[in-house]
Amino acid sequence: MTAETIYELTVEAPPGDLIAYDPIRLASALRIEDPSRLAIETDGMNHALVTIYPSDPLADVELPDPTELAMDDQGRIWVGRYHNGRPARMRLYDPRAGSAQRGLLFGTTGAGKSTGLQVILAAEKRSGIVTFLSDLKGGQSVPEARDNVDWFVTTPEGAMAQLRTVWLIMQARQVRYAAAGRSKFLMNRPDPLLNLRIDEANRLLEKGAPFRDEATYYIKDIGRTGRSLGIGVHLSAQAGHLEELGGSDTLRGMLKDGEVILLRWTSTMMRQLVSDGLLAAGQSLAPIPKYAGAIKLISQFEEAADEDAPGTQGSGYLLSGHSPTSRFRFFNVGSTEPVEGLDPEMLALYGDGPVAQLEKESLDDAGDAYAGRLDGPEAYAAIFPMEEEDEDGEGGGGGGRKSGGGKKRAAHPGPAMPEPAKPRTRTLAERVQAVLEDSDDDMDAAAILEAVNADGGRQVRLGSVRNTLTALKNN
Ligand SMILES: Nc1ncnc2c1ncn2[C@@H]1O[C@H](COP(=O)(O)OP(=O)(O)O)[C@@H](O)[C@H]1O
Ligand SMILES: [Mg+2]
């Protein structure tokens, strides 16, 4: 065996048998001390491909040029490489189905979720995708994203505001697309792809988190309905238990046909994924050790080298790709040494191009939280419907929401809520319909606009009313 040689073995079990393996046992049997030199892929049945490298093939995965991050014509972005040097791509848009994607990025602490997310965010920026991002570690996880996404928040209230805003945009697009007789989403014709991303989603969705129920409701609904409207929802999380992510029910749909990346995991995490049927039991993935390289036993009588072994952060599996059992690694990005303040290398990934923004047609529906790119309680209050505390006020005067005499407070779901709270505001279509039903006379669009804007709900523009009327007519 020369130092440069790569060996590839094809393994076939008798028909009817399934190949199962333990990568460490196999490495030991092959007398390979460093398991990262070994790559094993299976077809989930009786075939396997075993590759033996002279050294860890993923030790250094360089991004050739940040412009390469832009989406290709099949809606995929290039995020890293497989062990065999092939590009690892991730789908954000399916031009054939006309749909956005939903996604999950899983891994234990330090596995490389947030850094991988920055690669994806930079790709989104360079592809003209509109990104709403919640960094629930108070903005510490992906600080360079702040000015490189359309709307950046760092609080659970901000995350809720983004969820509800996206949900309202979804309704608006639905009305417009129905009016145009469209059943699919065509990227940038005319609307941009809109992705909502939550880093550390477990902080929003774990048991006892104040918005768990509502957040779960929105994520599910956006995940289900958003795709054909060009709206994707993507979560990054460290989750030992899917219960920590709003229950396995929320995630099953997302995992089934979403874009799923699994970075270094813990054994409880893996057990859970398998027992929940999210990973096939037979689909064995070689575990990712924390450090690459052979483990050397050093006798207490010998001098020990005082060097850290290279880490494996950013390595994992693209479970939804064409090679789910093939180890890949995100591009190695950012400065090698920690820097004060924002990392210039990371900023260079995003480039100084423009950040795509939401289409004008949906601005009315997106509302004030988006307009001001608000965060915290302010964002929450701006987008969630107010509840009247007493019932004596009559709606009608002034702009804004319900304007009766009663005190207003934002509807705030407490942790003890038995049911997920359904969003309470009516859609524009419902409001228009209510106006039409109340009136005996024929109304023109301007009259309808006036009546709708006087119903105590959010102020809308004539264009939105016209679109809604067209859609209602076509139904
Ligand atoms: N793709 C990558 N390129 C370069 N460094 C990385 C990469 N992924 C992870 N790292 C390193 O590992 C550390 C932990 O990664 P991070 O993305 O914060 O993990 P997580 O979000 O899963 O906890 C980072 O601070 C960085 O130094
Ligand atoms: Mg992180």
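If you're wondering where the values come from, they're calculated on a predicted model, not measured in any experiment.

Rules used throughout
- Residues numbered from 1 in each chain as written.
- Chains lettered and ligands numbered in written order.
- Predicted model: local features only at pLDDT ≥ 70, side-chain atom pairs only at ≥ 80, totals over all residues.
- Heavy atoms only, no water.
- Helix = DSSP H or I, 4+ residues; strand = E, 2+ residues; numbered from the N terminus.
- Buried < 20%, exposed > 50% of the residue type's maximum accessible area, 1.4 Å probe, protein only.
- Contact = heavy atoms within 4.5 Å.
- Areas by Shrake-Rupley, 256 points an atom, 1.4 Å probe, with all protein chains shown as cover.
- Pairing = 2+ DSSP bridges.
- Axes fitted to C-alpha atoms, helices over the stretch in contact; angles between N-to-C directions.
- Near = heavy atom within 4 Å.
- Polar contact = N/O pair within 3.5 Å; in protein donor to acceptor, adjacent residues only side chain to side chain.
- Nonpolar A, V, L, I, M, F, W, Y, C, P; charged D, E, K, R; others polar.
- Expected span 1.5 Å × (residues − 1).
- Phe/Tyr/Trp six-rings, centres within 6.5 Å; stacked < 30°, edge-to-face > 60°.
- Left-handed = near helix turned anticlockwise from the far one by under 90°.

Enquirer: Which parts of the structure should I look at to understand the overall build of the chain?
Expert: Along the chain, the regular secondary structure elements total 14 helices and 17 strands. Out of the 475 residues in the chain, the part that is buried amounts to 50%. Across the chain, the fraction of contacts at a sequence separation of at least 24, relative to all contacts at a separation of at least 6, is 67%. Total accessible area computed for the chain in this model is approximately 23000 Å², and 49% of it derives from carbon and sulfur atoms.

Enquirer: Is there a simple way to explain unusual backbone geometry in this structure?
Expert: Where the residue is not glycine, phi is negative for most of them; where a peptide bond is considered, it is trans in most cases. Here the bond from R189 into P190 is cis, since omega is -5 degrees, no more than 30 degrees from zero. Secondary-structure assignment places P190 in the loop between helix 3 (156–179) and strand 11 (194–199). The phi dihedral of R31 falls on the positive side, at around 60 degrees, and the residue is not glycine. Tracing the backbone shows R31 in the loop between helix 1 (23–29) and strand 2 (38–42). Positive phi values are uncommon outside glycine, yet R373 reaches one of about 45 degrees. Here R373 shows up in the loop between helix 10 (368–371) and helix 11 (376–383). The partly exposed category is assigned to R373, whose relative accessible area is 27%.

Enquirer: Looking at this structure, I do not really get the sheet that holds strand 9 (residues 130–135). What am I missing?
Expert: Where strands meet in a sheet, backbone hydrogen bonds hold them as pairs that are either parallel or antiparallel. Judged by pairing direction, the sheet is mixed, and its 10 strands sit side by side in the order 5-4-15-14-13-8-12-11-9-10 without closing on themselves. This sheet does not close on itself; its edge strands, each paired only once, are strand 5 (87–91) and strand 10 (151–153). With direction set aside, neighbouring strand axes in the sheet form an average angle of 25 degrees. Pairing geometry for strand 8 (residues 103–106) and strand 12 (residues 231–237), over four bridges, is parallel. Its bridge partner lying in strand 12, L104 is registered against L235. Packed on one face of the sheet, helix 2 (residues 113–126) meets strand 4 (76–82), strand 5, strand 8, strand 9, strand 11, strand 12, strand 13 (259–263) and strand 15 (327–330) and runs near 165 degrees to strand 11. Along the sheet, helix 5 (residues 212–225) makes contact with strand 11 and strand 12, crossing strand 12 at roughly 130 degrees.

Enquirer: Mind showing me how you'd approach the site of ligand 1 here?
Expert: Surrounding ligand 1, one finds 13 residues, the nearest of these being G110, K113, S114, T115 and F331. Take F331: an N or O atom from its main chain is 2.8 Å from a nitrogen atom of ligand 1. Surface burial for ligand 1 is 71%, taken as the share of its 550 Å² of free accessible area covered by protein chains. Sorting elements by how many residues they give to the shell around ligand 1 places helix 2 first, with three residues. Classifying every residue of the shell around ligand 1 gives four nonpolar, eight polar and one charged.

Enquirer: What's the story with the sheet that holds strand 2 in this structure? I'm lost.
Expert: Across the sheet, three strands lie side by side as 1-3-2; this open sheet has antiparallel pairing. Edge strands, defined here as strands with exactly one partner in the open sheet, are strand 1 (7–12) and strand 2. Recorded for the sheet is a direction-independent mean angle of 15 degrees between the axes of neighbouring strands. Pairing between strand 2 and strand 3 (residues 47–52): five bridges, direction antiparallel. Its bridge partner being in strand 3, I40 is matched across the sheet by V50.

Enquirer: What should I look at first to understand helix 3 in this one?
Expert: Since the α-helix turns once every 3.6 residues, residues separated by three or four places project in the same direction. For helix 3, spanning 24 residues, the distance from its first C-alpha to its last is 35 Å, which sits close to the expected 34 Å at 1.5 Å a residue. The element helix 3 is extensively covered by neighbouring structure, given that 18 of its 24 residues are classed as buried. Looking one or two places after helix 3, you find G181, whose phi comes out positive at around 65 degrees.

Enquirer: Explain the pairing of strand 5 here, please?
Expert: Successive residues of a regular strand alternate their side chains across the two faces of the sheet. Of the pairings in the sheet, the one linking strand 4 to strand 5 comprises five bridges and is antiparallel in character. Looking at the pairing, I77 lines up with M90 of strand 5. Linkage of strand 4 to strand 5, two consecutive antiparallel strands, is achieved through a turn of four residues, within which G85 is found at a positive phi near 90 degrees.

Enquirer: Where do I start with the packing of aromatic side chains in this structure?
Expert: In this description, a pair of aromatic rings is defined by centroid distance and the angle of the planes. Taken as a whole and assessed by the stated rule, the structure comprises 13 aromatic pairs. Ring centres 5.9 Å apart and planes at 80 degrees place the aromatic pair W167 and Y218 in the edge-to-face group. Within this pair, whereas W167 is found in helix 3, its partner Y218 is found in helix 5, the two being separated by 51 residues in sequence. The pair formed by W167 and Y218 is uniform in burial state, with each residue classed as buried.

Enquirer: What exactly am I supposed to notice about the packing of helix 3 against helix 5 here?
Expert: Axes are the key here: two packed helices are described by the angle between their axes and the distance separating the axes. Axis separation between helix 3 and helix 5 bottoms out at 10 Å; the angle between their running directions is 35 degrees. Once helix 3 is placed against helix 5, the crossing between them reads as left-handed. Mapping the contact onto sequence places M160, L163, R164, V166, W167, M170 and Q174 in helix 3 and E214, A215, Y217, Y218, I219, D221, I222 and T225 in helix 5. Its residues assigned to classes, the contact of helix 3 with helix 5 comprises 10 nonpolar, two polar and three charged.

Enquirer: Help me understand the environment of D438 in this model?
Expert: Here D438 shows up in helix 12 (residues 428–438). Remark: the alpha-carbon pair of D438 and A451, spanning 13 residues in sequence, is separated by 10.0 Å.

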